[in-house]
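Results of the structural survey
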Amino acid sequence: KKNLHLLSSEQVELAKMLMEMGQSHLFEKWAAPGVDDNEKRAFFDQVAKLNSSYPGGLKSYIKTARELLADSKAGKNPFDGFTPSVPTGEVLKFGDDTFINYEQAGVKEAKNAAFVLVAGGLGERLGYNGIKVALPAETTTGTCFLQNYIECILALQESSCRLAEGKCQEIPFAIMTSDDTHSRTQELLESNSYFGMKPTQVKLLKQEKVACLDDNDARLAMDPKNKYRIQTKPHGHGDVHALLYSSGLLKEWHDAGLKWVLFFQDTNGLLFKAIPASLGVSATKQYHVNSLAVPRKAKEAIGGITRLTHADGRSMVINVEYNQLDPLLRATGFPDGDVNCETGYSPFPGNINQLILELGPYMEELKKTGGAIKEFVNPKYKDASKTSFKSSTRLECMMQDYPKTLPPSAKVGFTVMDTWLAYAPVKNNPEDAAKVPKGNPYHSATSGEMAIYCANSLILRKVTRVSLSYCKNYSSELFWFLILSTCQAGAQVDDPVQEVFNGQEVEVWPRLTWKPKWGLTFSEIKNKVSGSCSVSQKSTMVIKGRNVVLEDLSLNGALIIDSVDDAEVRVGGKVQNKGWTLEPVDHKDTSVPEEIRIRGFKINKLEQLERSYSEPGKFSLKP
Ligand code: UGB
């Protein structure tokens, strides 16, 4: 009480609230009145921030924490009364007619979309010292994840604009950061001219941490290093909903006539290959919520999309987090828990946390909830009495739990894509990745990079191979032979070889990369390949230009082509050189930069054919 004169009237109210909520211990170690006044003021500044950044304020946080901690102590099952079953969703195969049609619909809709990247996580499992979005997705070009995401959004914007015959809109891009990532994300953008996006198109929203809890009474934990601070930890990616709402961004997008909000995570170099088709599914099926999923190996560290049906008749399709799926199954009549079925995969599709929400219904829901998401708490107890914790805990929330508060009338669906096309995150450090059970994905920098080469090789194979059936469908009997001979264009891309980097056995495909503006969809890429092309396994190809056409190209080495947008370059003939090789490096070798050594190899550029076309016009490169 003797310190109250230091505070504003709002802060006095906060002090009273803390006392009423059983938090008097926060002041027990305070110095005598008149000492440390600035620190005491700073303490209340922190309390005010913790209060304003949580929907319902600190009082509500403490109340919810008490309830959740009591449930946890009592061992209450969060799925009490619910029985899991395998849901049905849209299963897409890259390159078939359904996929191509959805892609077309998705590209059309993209002009009505906004993208949201959640990038507030530190990536403790990866242990990388920088921010994860600054990591190269692949080291052939060194393009970092953030650059790749921005270039994909811009490519989609342009394709969508073309389909809309010039009625173009800039696609807004929001990035959720945290204290751990904010300034470095901002610097990365500013020092790279926003990777070609207009700075006004990008909005950074910083999530705040939440107060830590010391015991089952939800007593707030003091910062071990400062008696005038409350210890804080991240609240989870679920914060993104409250932030989009409270920042006014959702309303701005709604007022601008946008229809879709697409959420995605920080290190998936494949994701945008799956975005157009999944947006097409949302638009065609009018899903309020569409989660992107891939086949999931049992016990893999990604959540499982599950239908939960309650004894009282309620039913929802929701992600069940990887640590909860196995116990839930065991408790509900599946004694073996989370196991692979005859397909070799878990019957529950894996959530890759790529969500597409329809903006109108999303806004309506957030008007009711303010964006608050159902939270959970995960205390590590000292012993079986569950009376004290090994270290402080906090409430957490996940963005994919958004549908939990939706009424049964909401249209919640999901779309399963091939893993090779859609999902290769970089989450695990080399040591942990090397310990992943055989057959399960490593989710490391090594596997993330290899997955990009694999996907691009398969895409190149498929866009040309499928052309045969595509041609058959669209050609009349009369012109069959003529058209078939044109359509039979094919790229023969060699099979991969197996190699071991950082203790992980991976498939090494030809290192094929291209800018998203060269081609993001099946049809766009198909239009850029003609004649009969071949690519050997040792090859590297980098396409940086928009209008580069591969025509009867036989590649056995490295080929780098850059061109301005107005230059059309036809590349063919036989390209043969020593190429670029992958040289193993040890992840413990600190003489190698961290972003390289965590993948276990570096690229040795021996010899390449490199051409850059800086003037508009038509060009042909046929060595
Ligand atoms: N993130 C934030 O922005 N803020 C935070 O406070 C925390 C994270 P992780 P996680 O796709 O493989 C998720 O740590 O949470 C961002 C799904 O829950 O990489 O263990 C962070 O920057 C799970 O169901 O993943 O697991 C990153 O971009 C499964 O789908 C993102 O949130 C899994 O991802 C995810 O954070 C997966």
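Residues numbered from 1 in each chain as written. Predicted model: local features only at pLDDT ≥ 70, side-chain atom pairs only at ≥ 80, totals over all residues.

1. Re the overall build of the protein chain
Note the following rule: Secondary structure follows DSSP: runs of H or I at least 4 residues long count as helices, runs of E at least 2 residues long count as strands, and numbering of each begins at the N terminus. As defined in this context, the radius of gyration uses C-alpha atoms, and a globule is described by 2.2 Å times the residue total to the power 0.38. Backbone-placed C-beta atoms define the burial measure: a residue is buried with 20 or more other C-beta atoms within 10 Å of its own, exposed with 12 or fewer, and partly exposed in between.
From N to C terminus, the protein chain includes 18 helices and 33 strands. Expected size for 623 residues packed as a compact globule is a radius of gyration near 25 Å; at 27 Å, the protein chain falls within 12% of this value. Expressed as lengths along the three principal axes of its C-alpha atoms, the size of the protein chain is roughly 90 × 55 × 50 Å. In the protein chain, which comprises 623 residues, the proportion classed as buried is 46%.

2. Things to note about the pairing of strand β1 (residues 82–85)
Regular strands show a simple pattern: their side chains alternate between the two faces of the sheet. Going by this rule: Two strands are said to pair when DSSP picks up at least two bridges between them.
Of the two faces of β1, only one is covered, namely that formed by F82 and P84; the face formed by T83 and S85 stays uncovered. Judged from the four bridges that link them, β1 and strand β13 (residues 304–310) form a sheet pairing that is antiparallel. Across the sheet, the residue bridging to F82 is H310, located in β13.

3. With respect to the sheet that holds strand β23 (residues 511–514)
Which entries qualify depends on this criterion: Think of each axis as a best-fit line through the C-alpha atoms, taken over the contacting stretch in the case of a helix, with angles from 0 to 180 degrees between the N-to-C directions.
In space, the four strands of this open sheet follow the order β23-β26-β28-β32, with parallel pairing throughout. With one partner strand each, in any of the chains shown, β23 and β32 (609–613) form the two edges of the open sheet. Taking the axes of each pair of neighbouring strands and ignoring which way they run, one obtains an average angle of 5 degrees across the sheet. Alignment of β23 against strand β26 (residues 540–543), held across four bridges, turns out to be parallel. Note on β26: the bridge partner recorded for R511 is T540.

4. Describing the confidence of the model for the protein chain
How we decide: Confidence of the predictor in every single residue is expressed as pLDDT, which spans 0 to 100. Throughout, a pair of residues is in contact if the C-beta atoms placed from their backbones lie within 7 Å.
Taken residue by residue, the protein chain gives an average pLDDT of 92. The fraction at 70 or more is 96%. In this model, residues 466–475 is a region of pLDDT below 50 whose contacts with residues beyond four sequence positions or in other chains number twelve contacts. Within the model, the stretch residues 478–489 combines pLDDT values under 50 with 15 contacts to residues more than four positions away or in other chains. Reported for the predicted complex are a pTM of 0.93 and an ipTM of 0.98.

5. A word on the nonpolar core
Our working rule: Remark: nonpolar core denotes a set of buried Ala, Val, Leu, Ile, Met, Phe, Trp, Tyr and Cys residues whose joining runs through C-beta atoms within 7 Å.
Counting residues in each nonpolar core, the largest one holds 136 residues, and the members touching the most others are V116, L262 and A422. For this core, the element with the highest residue contribution is helix α14 (residues 445–465), accounting for ten residues. Ranked by size, the runner-up nonpolar core spans 24 residues in total, among them L18, L58, L68 and C212.

6. Here's the deal with the site of the ligand
Basically, it comes down to this: Nearness here is judged by the C-beta atom: place it from the backbone, and if it falls within 6 Å of a molecule or strand, the residue counts as near that partner. Following the grouping adopted for this structure description, the nonpolar residues are Ala, Val, Leu, Ile, Met, Phe, Trp, Tyr, Cys and Pro, the charged ones are Asp, Glu, Lys and Arg, and the polar ones are all others, Gly among them.
Taken together, 24 residues surround the ligand, and among them G120, G121, P234, D266 and G303 come closest. No other element matches strand β15 (residues 346–358), which puts three residues into the shell around the ligand. Per-class residue counts for the shell around the ligand are eight nonpolar, 13 polar and three charged.

7. Digging into the environment of D566
Here D566 shows up in the loop between β28 (558–563) and β29 (567–576). Each C-alpha atom of the pair D566 and A331 lies 62 Å from the other, and the pair is 235 residues apart in sequence.

8. Some words on helix α4 (residues 97–109)
Counted only if it meets this: Given the number of residues in a helix, its expected span is that number minus one, multiplied by 1.5 Å. Here the arc refers to the directions that run from the helix axis out to each C-beta atom.
Taking 1.5 Å of rise per residue, the 13 residues of α4 would be expected to cover 18 Å, and the 18 Å separating its terminal C-alpha atoms lies within 8% of that figure. Within the span of α4, buried status applies to F99, Y102, E103, G106, V107 and E109. Around the axis of α4, the buried residues are gathered within 155 degrees of arc, so they sit on the same side. Next to the buried residues of α4 lie β3 (113–118), α5 (145–163), β11 (260–264), α9 (275–285) and α17 (522–526).

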